[in-house]
Amino acid sequence: MATETTTTAAPSVKPKKEALFSKKNVKTLRDPLDDNNPITVQVLGLCSALAVTVQVKPALIMALGVIFVTTFSNLIISMIRKTIPNRIRIIVQLIVVAMLVTIVDQFLKAYMFDVSKKLAVFVGLIITNCIIMGRLEAFALAQKPWPSALDGFGNGLGYGLILVMVAVFREFFGSGSLFGYKLVPQWAYDHGYVNNGLMVLPPAALFIIGIYIWWQRSRNKKLINVS
Amino acid sequence: MHSNQYTLIYAAGLSILTAVILALTAEGLKPAQQANVALDTKSNILKALRMDFTEREKIEEMYDSSIEDVVVTMSGDVQEDEGADDVDLKNQINKKPEERLLPLYIHTAGSGEKHYVIPVRGTGLWGPIWGYIALEDDFNTVYGAYFDHKAETPGLGAEIAEEPFQRQFQGKKIMSEDGKFVSVNVVKSTAKSDVAPEHRVDAISGGTITSNGTDLMLENVLAPYVVYFEKLKDKKQIAASEN
C-alpha cells in the first residue's frame, strides 16, 4: 500500500498540521447532533432507544456508556486502521467494541449496581448497536485518529441527546417524576390527573421519536430530500 | 492484500491482548462487584420482609442487627457449621428433595416477633428466576415476597420483579386447613381451578412461562421446609405449655 510509506516521511514534507478544532473537525463533531443524528436521521440504534428510556437516569447512564464506546472504538480502530487485514476487519472491529462494552459493563456492576440491574441486557447489546459499527466502517477506517474520536464522540452524544430527551418525556408523563423525584404534585392526582400508562411502554418511545423526526424535518431544510 | 500468515497472527495477537485487558479489569473490579451482590442479597431479603432501604449503611445495619441465617437438613435438623450464604441454591434445587440443604433466614423484629425468609430459585423463560418468601411465625401465612430474574422479557415476564405482583402474595397461605402443603399457586384469575383463593395469586398476562416457572419454583422449594417448620411448631407448643 502506498500510504504506508508516508508515515516515515520527514516532518518538513508533511502538510501543515491541522488545528485540533478546525472548521472541518467541529463539523465532524456537530453534524451528528442534528443534521446527521444517528437516531433521527440515520435511524440507527433504535432498539435501545425504545428500551431504556422509561426513566432518565438509566437513559443517561446508557448514553454515557455509548459515548465512551463510540469514542474509543473509533479512536482505537483509526489508530490501527493501516494494520488491520481487510478480510477480517469486521471481526477486529467486533473484538475492540466487545472489549470496550465489557469494560463498561464491569464498571457499572462494580460502581452503579442498581443502574446496571435496570439496564441489564442492554449494556451488552451496545455491541450490536448499529451506530458503533456504522461509524467504524464509514469513518474510522479511513480517517486519522483525532477526527475519528471526534466523530465517535459526536455520534454518541447525538444518540444520547435523543435518548435523554425521550426519557424526560416518558418519565414525566408516565410516572410524574424526573430522576426519580416526584414533580407532579399530589393535588393534581387528587383532582383527577392520571399518569399516562402508554408512556411507560416501549411504543411511546416510537411515537416521541416519530414526532421529533417530523418536527426536525420541518425545521431543518437540509433534511427534506435526504430520504 | 495481507498474507494468510499475517492475518492469522494479527487475529491471534489481538485476541490475546483483549483477553488480557479484560481479565485484568474483571479481576480488579471483582471485590467491588462481590460486595454489591452481597449487599443486593441483603436488601432483597429485607424487601421480602417489607422493608425497602436504599442506603448502604441502613441495609447493613438492619440486616446485621435483626437477621440470622441457618441451614437445615431435610430431616429438620439445623446444620451448625454452615451459614445460609454458604449454600448454593442453584445446586440444591436440582437435587432430590431428600438430599437438599435448606437455607433459611430468621428475622427477629423489635417486638420479638419472628419471620422466616426462604430463598427460592427456579427457571423462567430466558434464564433463572429467584426470590425470597417471608413467612409469619405460624409457618403458614406469607408475610411478603420478593422476586427477581436474570433476563425475563421486560413488560411481560419481568413483571414478577415489580411491586404489584409481589404484593399479591402478602397474606396468602402455603398450608391447607387440614395441614397439607399446597404452596401458593400462580394462576390466571380467570382460570378455572379448585385451588382456594388464599392459595393463589394472579399470573401475568403475556408472561405465562415465567408465571408457570414461579409457580413451580415455589412448590419445589417451599415443600421440603415443612418438616422443619413442624418441628419448630412442636417446640413452640411445648414452650407454651411449659409456661
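Only a predicted model underlies this, so the values are computations on that prediction, with no experimental measurement involved. (Residues numbered from 1 in each chain as written. Chains lettered and ligands numbered in written order. Predicted model: local features only at pLDDT ≥ 70, side-chain atom pairs only at ≥ 80, totals over all residues. Heavy atoms only, no water.)

Draft legend 1. A look at the confidence of the model for chain A. All names here are of chain A. For chain A, per-residue confidence averages 83 on the pLDDT scale, and 90% of positions sit at 70 or higher. Across chain A, the secondary-structure element scoring lowest on mean pLDDT is helix H1 (residues 3–6), at 43, and the one scoring highest is helix H4 (residues 56–79), at 91. The model gives residues 1–12 a pLDDT under 50, and that stretch makes two contacts with residues more than four places away or in other chains. (pLDDT = per-residue confidence, 0-100. Helix = DSSP H or I, 4+ residues; strand = E, 2+ residues; numbered from the N terminus. Contact = heavy atoms within 4.5 Å.)

Draft legend 2. Inspection of the packing of H4(A) against helix H5 (residues 89–111) of chain A at higher detail. All names here are of chain A. Running from amino to carboxyl end, H4 crosses H5 at an angle of 145 degrees, the nearest separation of the two axes being 10 Å. Here the hand of the crossing between H4 and H5 comes out right-handed. Between H4 and H5, the contacting residues are Ile61, Gly65, Phe68, Val69, Phe72, Ser73, Ile76 and Ile77 on the first element and Val92, Gln93, Val96, Val97, Leu100, Val101, Val104 and Leu108 on the second. For the contact of H4 with H5, a count of residues per class yields 13 nonpolar, three polar and no charged. (Axes fitted to C-alpha atoms, helices over the stretch in contact; angles between N-to-C directions. Left-handed = near helix turned anticlockwise from the far one by under 90°. Nonpolar A, V, L, I, M, F, W, Y, C, P; charged D, E, K, R; others polar.)

Draft legend 3. Region of interest: the packing of aromatic side chains. Under the defined criterion, the tally for this structure stands at 16 aromatic pairs over all chains. Judged by centre distance (6.2 Å) and plane angle (25 degrees), the ring pair of Phe169(A) and Phe173(A) falls under stacked. One end of the pair, Phe169(A), and the other, Phe173(A), are both in helix H9 (residues 145–175), four residues apart, so they sit about a helical turn from each other. Residue classification places Phe169(A) among the partly exposed residues on the basis of a relative accessible area of 39%. For Phe173(A), a relative accessible area of 33% translates into the label partly exposed. Between Tyr105(B) and Tyr132(B) the ring centres are 6.4 Å apart and the planes differ by 75 degrees, which places this aromatic pair in the edge-to-face class. With a gap of 27 residues between them, Tyr105(B) in strand E3 (residues 101–108) and Tyr132(B) in strand E5 (residues 128–135) connect regions that are remote in the sequence. Under the relative-accessibility criterion, Tyr105(B) is labelled buried at 4%. Through pairs of rings, three or more aromatic residues link up here, namely Tyr116(B), Phe139(B), Tyr225(B), Tyr228(B) and Phe229(B). Between the NZ or CZ atom of Arg219(A) and the centre of the ring of Trp215(A), over which it lies, the distance is 4.6 Å. For Arg50(B), the ring lying beneath its charged end belongs to Tyr143(B), and the centroid distance is 4.2 Å. (Phe/Tyr/Trp six-rings, centres within 6.5 Å; stacked < 30°, edge-to-face > 60°. Buried < 20%, exposed > 50% of the residue type's maximum accessible area, 1.4 Å probe, protein only. Lys NZ or Arg CZ within 6 Å of the ring centre and 35° of its normal.)

Draft legend 4. Main features of the side chain of Glu152(B). Residue and element names in this part refer to chain B. Its place among the elements puts glutamate 152 in the loop between strand E6 (142–149) and helix H4 (163–167). Of the side chains bearing the opposite charge, lysine 150 lies closest to the buried glutamate 152, which forms no salt bridge; the N-O distance is 10 Å. One polar contact links glutamate 152 to threonine 210, side chain to side chain, over a distance of 2.7 Å. Glutamate 152 has contacts with Gly124, Leu125, Trp126, Gly127, Ile129, Gly157, Ala158 and Thr210, leaving out every residue within four places of it along the chain. (Lys, Arg positive; Asp, Glu negative; His and termini not counted. Salt bridge = Lys/Arg side-chain N within 4 Å of Asp/Glu carboxyl O. Polar contact = N/O pair within 3.5 Å; in protein donor to acceptor, adjacent residues only side chain to side chain.)

Draft legend 5. Spatial organisation of the side chain of Ser66(B). All names here are of chain B. By the element assignment, serine 66 lies in helix H2 (residues 56–66). Within polar-contact distance, the side chain of serine 66 engages the backbone oxygen of methionine 62 at 2.8 Å. A polar contact of 3.5 Å, which involves the side chain of serine 66, links it to the side chain of histidine 107.

Draft legend 6. Quick peek at the interface of chain A and chain B. Residue-level contacts link 20 residues of chain A with 24 residues of chain B. On the chain A side of the contact with chain B, Arg87(A), Met99(A) and Phe113(A) bury the most area, a combined 26% of that side's loss. Here chain A is connected to chain B by seven residue pairs in polar contact (both at pLDDT 80 or more). Contributing elements (two or more residues each) for the side of chain A that touches chain B: H5 and helix H6 (113–119) of chain A. In terms of residue count, the dominant contributor to the side of chain A that touches chain B is H5(A) (10 residues). (Buried area = accessible area lost by both parts, 1.4 Å probe.)

Draft legend 7. Spatial organisation of the nonpolar core. One finds Met62(A), Val69(A), Leu119(A), Ile126(A) and Leu163(A) to be the most contacted residues of the largest nonpolar core, which totals 46 residues. Those elements that provide at least two residues to this core are H4, H5, H6, helix H7 (121–124), helix H8 (130–140), H9 and helix H11 (202–219) of chain A together with helix H1 (4–48) of chain B. Counting residues per element, this core draws most heavily on H5(A), which supplies nine residues. When near neighbours in sequence (up to four residues on either side) are disregarded, Val69(A) contacts Asn74(A), Val97(A), Leu100(A), Val101(A), Val104(A), Ile126(A) and Ile132(A). Counting residues in each nonpolar core, the second largest holds 37 residues, with Met74(B), Val120(B), Phe165(B) and Val221(B) among its members. (Core = buried A, V, L, I, M, F, W, Y, C linked by side-chain atoms within 4.5 Å.)

Draft legend 8. The pairing of E6(B), seen in detail. Residues and elements named next belong to chain B. Counting buried positions over the eight residues of E6 gives eight, a clear majority of the element. Sheet analysis places E5 next to E6, joined by seven bridges and oriented antiparallel. If you follow tyrosine 132 over to E6, its bridge partner there is tyrosine 146. (Pairing = 2+ DSSP bridges.)

Draft legend 9. Region of the structure containing a nonpolar patch on the surface. All names here are of chain A. A contiguous nonpolar surface patch, about 630 Å² in accessible area, is contributed by Leu198, Val200, Leu201, Phe207, Ile211 and Trp214. In this structure, leucine 201 sits in the loop between helix H10 (186–190) and H11. For leucine 201, a relative accessible area of 42% corresponds to the partly exposed category. (Patch = residues over 30% accessible without salt bridge, like charges linked within 9 Å, V, L, I, M, F, W, Y side chains within 5 Å. Areas by Shrake-Rupley, 256 points an atom, 1.4 Å probe, with all protein chains shown as cover.)

Draft legend 10. Representation of the pairing of E3(B) within the structure. All names here are of chain B. Of all eight residues that make up E3, seven are buried, and the element is covered over most of its length. Here four bridges tie E3 to strand E4 (residues 114–123), and the two strands are oriented antiparallel to one another. Across the sheet, the residue bridging to histidine 107 is histidine 115, located in E4. Between E3 and E4, which pair antiparallel one after the other, the connecting turn spans five residues, and glycine 112 there sits at a positive phi close to 90 degrees.

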